[in-house]
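One letter stands for each residue in the lines below.
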Amino acid sequence: MDPNIYALVLDTLNRATSQDAEVLKPAEKKLQEWEIEPGYYSVLLNVLSNHSIDVNVRWLAVMCFKNGVDRYWRRNAPNAITEEEKQKLRQGLLTTPVLSEPVAQIATQQAVLIAKIARFDCPTSWPSLLPDLIGAMKAPQPLMQHRSLLIFHHVVKALASKRLLADRRTFQELTNSIYAFVLNLWHENTELFLRHIQEGAATEMITEHLEKALLCLRILRKLTVFGFKKPHECQDAVAFLNVVFDRAKTSLECRKLLKGRGIYPLELCEKFIIHLTKVALGVLSLHPYSYVPLIRPSLEFTLYYCFTEQGMVLTYERFTIQCLNIVKGIMQCAEFKLPKGTEQVKEPLILQGHQMKTEVLDQNTVCHMCRHLVTHYFLLSSDDLALWDAEPESFATDEAGESWKYSLRPCTEAVFMELFHEFRSVLAPELVRLLASLQESQVSPDDLPAILKKDAIYNAVGLAAFDLYDDVDFDEWFTKVLSQEIKVKDNNYRIIRRRVCQLIGQWCCVRASQSIRPAMYSCLLEPLTRSGEDPAVKLAAAEALRSTMDDFSFDVEQFEPFVPHALSALYDLLVECSECETKMHVLHVVSYVTDRCKWVVARGGGEGASALFAALPALALHAAHHHMLRAAALAALVHLVKALGECAPNVRPWVLNVINESTKLSEPAHVYLLEDALELWLAIIETSPTGDPALIQLAHNLYPILEPSTEHLRVVVYIMQAYALLCPEEFFSGAGAKCMTVLDDMLSDLRTDGVITVLKMAEICISVNYPERNTFLGVKVIWPTLIRVIHCLLKGDDLPMVLSVRLCLLSRVILLSSDLFYKAVQEASVGLAEYDSDPAKVLSRLLHVWTEKMNLVTQVERWKVIGLGLAALLTTQNQTVLERFPAILLNLSEVLNDLMKMEDSGNYIDSVDSALVSPPGSRPASPLEGRGGAARWGGGVESGAGEEGAITAHELRRRQFAAAHPARTLDLRAVTHHQLETLKGQVGPETFDRLLQSTDKDTLQQIREYIPL
């Protein structure tokens, strides 16, 4: 290697570790430039192997090397490292300086680096890696043994993570070749560290062997879980699994002796025990049949250490969580459950596993576990109460997701629910007895232990609500006990008040009659509105209120009297909360209340709704750097605007400004706020009576959102539709035209549903009313799309749904102006060599596809519009159209056959037109259909007076637009008759008769039923 290059890289690495930004930045840039230079990684290897160089520089060298492997080690990567250099690097990484690294942090990074390379190359391109590491593990130097074992662990971990079938087979072969060696090494080091602890040897000696035993255990865990198809068929694996719980017992005893020896040895011992339980959990999860022999020892192990006083003295929290998760896993495992019904058990291990489980978990044991979970683990600890006093909002925040894997309280609750569900017949009477014992005497507010016990039992009854349906009369319990307890104002009783709120939320959708629901609402609002109430109690009441509304049998009218008080209380709670996460929680409740009680909020939300509106600007300012809270505020605002049917004038400028900031892609916050901001934007347009300049200016944010991807296509098109009905000329003269251009560019890449969405938007664009000076603005805006539609129709390979929308769009253009239609055909013919760029040939092909495939249209309204378009072409005095006269007449007769219905009087009526006289809530057909169904666009009963809610300005515009649809305003029979008579006048009776004679007799007979010819 050139000494000058080595010195240059070393100097640059030195400068890259500087604290001076002016020195650091150029050095970092230089290192990035060198990443693709041949020989660069060889220099880095030399730097990190030289123990005399500064630790920070060597650490940076290994990190640069590791990043380079991620980017350039793959063979097909751009600027990939050459095979020659790779070979040198592989050899250099297993030299004595690397395997004797004195700095632990650098040694770990080196191990990760080698593992990354091994994931690409081992064993194909690096077959010597594992044999070399095994050889190094046998070296006399303790440091080299440890470092090679550390590397071996990371290599095995990397290889175990590969999931392709061939890679898994390779890993299984590797496991068979090294398992016995690693197992013996683990036994040796485990015996040594346990003996050293018991003999009181030096801490350094204990730590040395404990570190090695832990690394071996980690390797064995990966090999056992991922290296065998069936671990119970491997003698060594069975031998290892059989000693797991014995080693855990011995290690727990030795853990006591390590106290006072420093934190590090104690932490290592605890990690060792945890990894033993992880072995059991891994095998239980992926190889349940192999776990069958371990069911009894693991359950007995857990019962001793988690449910007896003698065993619990030796445990610590993380260990308890792991043991309880083992119990939960055994109870949940489908392989240990007998099939339901008369189905025979085909696998003997299923029967064996079930028998072992039921033998250990007998009736007495299960009852003991239930009592212990409730009376020990469910009790609030002194730490819990201290946290409640210091940070009530943090205490009240529920842990969600998979917190049962890592947190004790969610873990014990999950085990309890699984236990109760499986042994309901045994545990239900036991829990009912515990509950009954509470009613024997009144608990004094000063008796904190009794209060904590009551809280724990109430918690259990809430968790098991579904399984206690037949055993607890909640109506009576609520009326006689719970509703009275929530009124006790003593500070200690806050524990019970909070739990009562939670019980109401848990039981309301299980077994709570409609008659007591008003009392439940009143009960929950009492702590919410009480001055000086504990924040944790208020938050529990707010969540319970949401739960009572999240029920199939929730009655809005029954809740109506409580809406103003609920909104006012939620506003006060929102102001009182200081934590952003808590405010988000309250805002979600606000959103839910306003969403479920829209028309009630609009009619009687009172000061609560107004106060919430007024509070949101201040809240958004407070959450300037907490984007998730801002998103929750936007979501709540959406529901408030929809519920009230308007945006308060005093906050409207702020709302428009928020929408503007949240929908600008140049603002970093748009990543979190865009989705809610678009919904808010749509709600604001739908409740606006007119299009003011600020709202129209906001439309310029739309097309940048469309350009990068189709992620928000649907909601952006909804916003465009709302703008089209609100202020069509202003919108399509500016931002709307740009949006339609972007949509046209996207058409070729969209799936069917996306194409239909864009084409419907184009149809609306030409269908809305423009001033006389701009009558054809819509056609001008969608002109490129119109040309594309004609080209697609010429191919004739569209799906029926897409075909119907394309033909309907052309028909709307023809009804608007046949001259524009022929101009579009002429422009579309330019450059079409297969049609000699002849508009007549293009039109002939277009009419051929139209008339041949028109019967694929299944939607009656669209079929009628397409028929109207065909009829309109008859009088355009175009020879190509007249050549298709028989086909046109055939299609018109088929449309009339479907549309015309005979009344009792013998007269024909148009079935589409008859929908106009249907009751005022019926949903009229329109191009807007399909967007959110009747709930958003269509006037069903829910959007009318049935809910006594005000009809929004957008709904009125939508109804007017729908009423002006050609399928509603034009009579196809009259139009066809008029067009044929006009055609007769244009071509003369003789030519008209020849046209009729060229038409099939059956077609003429059908058409004459509706039209005199």
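Predicted model, so just to flag it, every value in this text is computed and none were measured. (Residues numbered from 1 in each chain as written. Predicted model: local features only at pLDDT ≥ 70, side-chain atom pairs only at ≥ 80, totals over all residues. Heavy atoms only, no water.)

Caption draft 1: Fine view of the packing of aromatic side chains. Under the counting rule described, the total for this entry stands at 30 aromatic pairs. A centroid spacing of 5.1 Å and a plane angle of 55 degrees characterise the contact between F245 and F301, whose relative ring orientation is tilted. Here the residue F245 occupies a position in helix α12 (residues 235-258), and F301 occupies one in helix α15 (residues 295-307), the gap between them amounting to 56 residues. As far as the burial class goes, F245 and F301 line up, both buried. Pairing F378 with F416 gives two aromatic rings, centres 5.4 Å apart and planes at 65 degrees, and the pair type is edge-to-face. Taken together, the residues F378 in the loop between α19 (363-377) and α20 (382-390) and F416 in helix α22 (residues 408-422) connect sequence positions 38 residues apart. (Phe/Tyr/Trp six-rings, centres within 6.5 Å; stacked < 30°, edge-to-face > 60°. Helix = DSSP H or I, 4+ residues; strand = E, 2+ residues; numbered from the N terminus. Buried < 20%, exposed > 50% of the residue type's maximum accessible area, 1.4 Å probe, protein only.)

Caption draft 2: Representation of unusual backbone geometry within the structure. The residue after C122, namely P123, is reached through a cis peptide bond having omega 0 degrees. Structurally, P123 can be placed in the loop between α7 (104-121) and α8 (129-137). Even without being a glycine, D836 presents a positive backbone phi close to 55 degrees. Its location among the elements puts D836 in the loop between α46 (818-829) and α47 (839-853). When its relative accessible area of 53% is taken as the criterion, D836 is described as exposed. Its identity as a non-glycine residue notwithstanding, Q877 has a phi of 55 degrees, on the positive side. With respect to the element layout, Q877 can be found in the loop between α48 (860-873) and α49 (879-883). On the basis of relative accessible area, Q877 is assigned to the exposed category, the value being 61%.

Caption draft 3: Fine view of the pattern of salt bridges. Counted under the stated rule, the structure contains 44 salt bridges. E35 is paired through a salt bridge with R71; the nearest N and O atoms lie 2.8 Å apart. One end of the pair, E35, is in the loop between α2 (21-34) and α3 (40-49); the other, R71, is in helix α4 (residues 55-72), and 36 residues separate them in sequence. Accessibility expressed as a relative area gives 43% for R71, which makes it partly exposed. Ionic pairing is found between E83 and R75, a salt bridge with its closest N-O pair at 4.0 Å. (Salt bridge = Lys/Arg side-chain N within 4 Å of Asp/Glu carboxyl O.)

Caption draft 4: Layout of the confidence of the model for the chain. Mean pLDDT over the chain works out to 88, with 93% of the residues at or above the 70 mark. Per-element confidence in the chain ranges from a low mean pLDDT of 32 for helix α52 (residues 933-937) to a high of 96 for α15. Contacts of residues 914-949 to residues separated by more than four positions or lying in other chains number 74 contacts, the stretch itself having pLDDT below 50. (pLDDT = per-residue confidence, 0-100. Contact = heavy atoms within 4.5 Å.)

Caption draft 5: The packing of helix α1 (residues 3-16) against α3, seen in detail. Contact pair α1 / α3: the axes reach a minimum separation of 10 Å and the direction vectors enclose 70 degrees. Classified by the angle between their axes, α1 and α3 sit roughly perpendicular to one another. The handedness of the crossing between α1 and α3 comes out as right-handed. Each of I5, Y6, V9, L10 and L13 in α1 lies in contact with α3, whose residues at this interface are Y40, V43, L44, N46 and V47. By residue class, the composition of the contact of α1 with α3 is 9 nonpolar, 1 polar and no charged. (Axes fitted to C-alpha atoms, helices over the stretch in contact; angles between N-to-C directions. Parallel < 35°, antiparallel > 145°, perpendicular 65-115°, else oblique. Left-handed = near helix turned anticlockwise from the far one by under 90°. Nonpolar A, V, L, I, M, F, W, Y, C, P; charged D, E, K, R; others polar.)

Caption draft 6: The arrangement of a positive patch on the surface in detail. A surface patch of like charges, here positive, comprises R74, R119, R163, R168, R169 and K229. Tracing the backbone shows K229 in the loop between α11 (203-226) and α12. (Patch = residues over 30% accessible without salt bridge, like charges linked within 9 Å, V, L, I, M, F, W, Y side chains within 5 Å. Areas by Shrake-Rupley, 256 points an atom, 1.4 Å probe, with all protein chains shown as cover. Lys, Arg positive; Asp, Glu negative; His and termini not counted. Charge placed at Lys NZ, Arg CZ, Asp CG, Glu CD.)

Caption draft 7: Representation of the packing of α8 against helix α9 (residues 142-160) within the structure. Packing of α8 against α9 leaves a shortest axis separation of 8 Å and a crossing angle of 150 degrees. Of the possible angle classes, the one that applies to α8 and α9 is roughly antiparallel. Judged by the twist between their axes, the crossing of α8 over α9 is left-handed. Note on element contacts: α9 touches α8 through M144, Q145, S148, L149, I151, F152 and V155, opposite L129, L130, L133, I134, A136 and M137.

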